[in-house]
Amino acid sequence: MSNSNQLHEDLVQIVGEAGLLPDNQLNRYAIDGIGPQAVVLPASTHEIQEVLGYAADNELSVIPAGSGTKLGIGVPPEEVDLILSTSRLDQILEYEPADLTVTVEAGIRLAVLQAKLTEHGQYFSLDPPYADRCTIGGITATNASGPSRLRFGSARDLVLGMRVVQSSGTVVKSGGKVVKNVAGYDLNKLYLGSFGTLGVITEVSLKLQPLPEIERNILLTFADVGEAVNTASEISGSQLLPTFLNLFINGAPLTDSPEPCLLMGLDGHPETVEWQIDSVKTIAQQNEAVGVGVYQGQRQQELRGSMCTFPEDGSATPIVICRANLRRTDVGDFLNTVLEMNDSSSWRVRAMGLMGNGVVYVIFSDFPDSEGPVEHVADAIANLRDAAANVGGNLIIESAPTALKRQIDVWGPVGGSFELMKAIKTKFDPVGLLNVGRFVGGI
């Protein structure tokens, strides 16, 4: 639609003036430098259905969003017609503290939900990046998680049910509102991580956890990566129950130390936590740790917060963030490859490995002024992707300058499941309306 005034008038008829972002704020939702024609903020499921119907009638593509923290993930778009944000759908619909479950609208921010749950001594155990801004709908659509997935799992394990509006306007309900729910097909896992290509998530039911009595962080420093990996392996194979166990190379949270560091979280009953701390100290000593620090209170919160924000792109300078998915037994060798790359590069390479899960975040930064992060970084990413593929893993680019994303496929090879993925996309979005061309294989 070429007439922007007409587009504005038509959308106002559907969502009202409050449901349309002012033109001077559209850049907040720009994707790879391309601003949308309009950002629509529906306040109900009915308005979402109306917007999708209008878009289909006028051949406008729609990109679902929450607060926009993950919009940069994906293939750069050629153009952006409508962004449909669920940020006005931000209510707690049903909360049963005794059942440890809650049902919320998709646009509620994680930090807002956590504050409400804390009043009842509970919390939602996902700790993804951008926790102060990200929405529950965005978390589920991108299957985002954080270090605590070691103990509690990812969104796939914690989402009990959801309500989704398909591109046709049909409202689909999957799962339920209780933990023991096994009826029907598990459509939750189909929508989780689909990046808005199959529908617009409007409601989500979540499994909760009681707040622990105490929390402690342990920061272990080592002379080389091998000792850190051995320590992590021994901890993972023991009776200890860490909330998270992350290995950092070339820079740990809130420290200037270049040595490899393990950051571990423990929580629960005071006596149990103290026993685990003593056990970790013994394991660390046996593996020649050069530093052991135990933190609580504000310092513990700062360490954990800095760890969770590690994969964020909050820099004003060029930065590239990649995520590798590996078997946990392959993380050590992969981190050694990253460390070798740092030693031979003119830019900085940092990494955080989730030792119990096999996820590794790699960050390229501090590029020389005379060197743009495109061709040479593309070669480095290709080498890392090969290293991951050689052990049966994969690597995607979560954030990068647009020029780099146009030079290298951000998703990497699709594999034998591509035809099935295309068939699912066609079934759920036959008119090709939702986040078109930005997902795996250009779906």
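Owing to the predicted nature of the structure, the values given are computational and were not obtained by experimental measurement. All residue numbers refer to position in the chain's written sequence, counted from 1. Residues qualify for local features only when their pLDDT is at least 70, as the model is predicted, and side-chain atom pairs are given and counted only at 80 or more; totals for whole chains, interfaces and linings, by contrast, use all residues. As a rule here, side-chain values come from all non-hydrogen atoms in the structure, and water together with hydrogens is ignored.

Asks: Sorry if this is basic, but what is going on with the overall build of the protein here?
Replies: Scanning the protein for helices and strands turns up 14 helices and 18 strands. Summarising its shape, the C-alpha atoms of the protein cover approximately 70 × 60 × 40 Å along the three principal directions. Counting all 443 residues of the protein, 53% fall into the buried class. Counting contacts in the protein only where the partners sit at least 6 residues apart, residues at least 24 apart contribute 70% of the total. Methods summary: accessible areas were calculated by the Shrake-Rupley approach with a probe of 1.4 Å, and residue burial reflects only the protein chains presented. Summed over its atoms, the accessible surface of the protein is roughly 19200 Å², and 47% of this surface lies on carbon and sulfur atoms. Secondary structure elements follow DSSP: runs of H or I of four or more residues count as helices, runs of E of two or more count as strands, with numbering from the N terminus. Exposure categories follow from relative accessible area, calculated using a 1.4 Å probe and restricted to protein chains: below 20% of the type maximum is buried, above 50% is exposed, and the middle band is partly exposed. For this analysis, residues touch if any pair of their heavy atoms sits within 4.5 Å.

Asks: It is not clear to me how helix α10 (residues 297–308) should be interpreted in this structure. Could you clarify?
Replies: A turn of α-helix holds 3.6 residues, and therefore any two residues three or four places apart point the same way. In this scheme, a helix's expected span is set at 1.5 Å multiplied by one less than its residue total. In a regular helix each residue adds 1.5 Å, so twelve residues correspond to 16 Å; α10 covers 17 Å between its end C-alpha atoms and thus fits that length. Of the positions making up α10, those classed as buried are Gln 300, Leu 303, Arg 304, Met 307 and Cys 308. The arc that holds every buried residue of α10, seen down its axis, measures 130 degrees, which confines them to one face. Residues of α10 that are exposed and angled more than 90 degrees away from the buried face: Gln 298 and Gln 301. In this structure, the buried residues of α10 make contact with β11 (214–221), β12 (244–249), β13 (261–268), β14 (291–295) and β16 (348–354). Working definition: the arc comes from the directions between the helix axis and the C-beta atoms, pointing outward to the latter.

Asks: Would you explain the sheet that holds β12 in this entry?
Replies: Sheet strands associate in pairs through backbone hydrogen bonding, adopting either a parallel or an antiparallel arrangement. Ordered by their spatial adjacency, eight strands build an open sheet running β14-β11-β13-β12-β16-β17-β15-β18, and the pairing between neighbours is antiparallel. With one partner strand each, in any of the chains shown, β14 and β18 (394–399) form the two edges of the open sheet. Averaged over neighbouring strand pairs, the angle between their axes works out to 20 degrees when direction is ignored. For two strands to be treated as a pair, DSSP must find no fewer than two bridges joining them. Relative to strand β17 (residues 359–365), β16 runs antiparallel, the two sharing seven bridges. Within β17, the residue paired with Leu 354 across the bridge is Val 359. Against the sheet, helix α9 (residues 270–286) engages β11, β13 and β14, with an angle of about 5 degrees to β11. Against the sheet, helix α11 (residues 331–344) makes contact with β12, β15 (320–325), β16, β17 and β18, and its axis sits at roughly 170 degrees relative to β16, the strand it touches most. Fitting a line to C-alpha atoms yields each axis, with helices limited to the stretch in contact; the angle taken between N-to-C directions then spans 0 to 180 degrees.

Asks: How should the side chain of Asn 188 be read in this particular structure?
Replies: Inspection of the secondary structure puts Asn 188 in helix α7 (residues 188–191). Whenever a nitrogen or oxygen atom comes within 3.5 Å of another N or O atom, the pair is scored as a polar contact, on the condition that within protein one atom can donate a hydrogen and the other can accept it, and that pairs from neighbouring residues in sequence are kept only if both atoms are in side chains. Here the side chain of Asn 188 touches Ser 174 through a polar contact of 2.5 Å, side chain to side chain.

Asks: What is the right way to read helix α3 (residues 110–118) from this model?
Replies: Among the residues making up α3, those that are buried are Leu 110, Leu 113, Gln 114 and Leu 117. The arc that holds every buried residue of α3, seen down its axis, measures 100 degrees, which confines them to one face. Contact partners of the buried residues in α3: β4 (92–96), β5 (101–105), β6 (122–123), α4 (136–142) and β9 (200–207).

Asks: How do you make sense of the pattern of salt bridges when you look at a structure like this?
Replies: Close approach of charged atoms lets side chains of opposite charge pair. Just to be clear on terms, a salt bridge is a Lys or Arg side-chain nitrogen sitting within 4 Å of an Asp or Glu carboxyl oxygen. All told, the structure shown has 13 salt bridges when counted by the stated rule. The shortest N-O distance in the salt bridge between Arg 299 and Glu 302 comes to 3.9 Å. Of the two residues, Arg 299 and Glu 302 are both situated in helix α10; the distance of three residues between them amounts to about one turn of the helix. For Arg 299, a relative accessible area of 32% puts it in the partly exposed group. Note that Arg 323 and Glu 398 form a salt bridge whose closest N and O atoms lie 2.4 Å from each other. With Arg 323 in strand β15 and Glu 398 in strand β18, this pair connects stretches of sequence that are 75 residues apart. On the basis of relative accessibility, which here comes to 21%, the residue Arg 323 falls in the partly exposed class. Owing to a relative accessible area of 8%, Glu 398 belongs among the buried residues under this scheme. One network of salt bridges, in which partners are shared, links Lys 70, Arg 323 and Glu 398.

Asks: Where do I start with the packing of α11 against helix α12 (residues 375–389) in this structure?
Replies: When two helices pack together, you describe them by how their axes are tilted relative to each other and by the distance separating the axes. Their axes nearest at 10 Å, the elements α11 and α12 cross at an angle of 160 degrees. When the axes of α11 and α12 are compared, the pair comes out roughly antiparallel. Crossing hand, α11 versus α12: right-handed. Contacts from Phe 334, Thr 337, Val 338 and Met 341 of α11 reach α12 at Ala 380, Asn 383, Leu 384, Ala 387 and Ala 388. Each residue belonging to the contact of α11 with α12 can be placed in one class, and the counts come to seven nonpolar, two polar and no charged. Roughly parallel refers to an angle under 35 degrees, roughly antiparallel to one over 145, roughly perpendicular to one between 65 and 115, and oblique to any angle outside these ranges. Two helices crossing with the near one rotated counterclockwise from the far one by less than a right angle form a left-handed crossing, whereas a clockwise rotation gives a right-handed crossing. Basically, the charged four are Asp, Glu, Lys and Arg, the nonpolar ten are Ala, Val, Leu, Ile, Met, Phe, Trp, Tyr, Cys and Pro, and anything else, Gly included, counts as polar.

Asks: Explain the environment of Gln 276 here, please?
Replies: Summarising the element assignment, Gln 276 is placed in helix α9. Sequence separation between Gln 276 and Gln 298 is 22 residues, and the spatial gap between their C-alpha atoms is 21 Å. Those residues in contact with Gln 276, other than ones at most four positions away along the chain, are Leu 240, Leu 241, Pro 242 and Leu 266.

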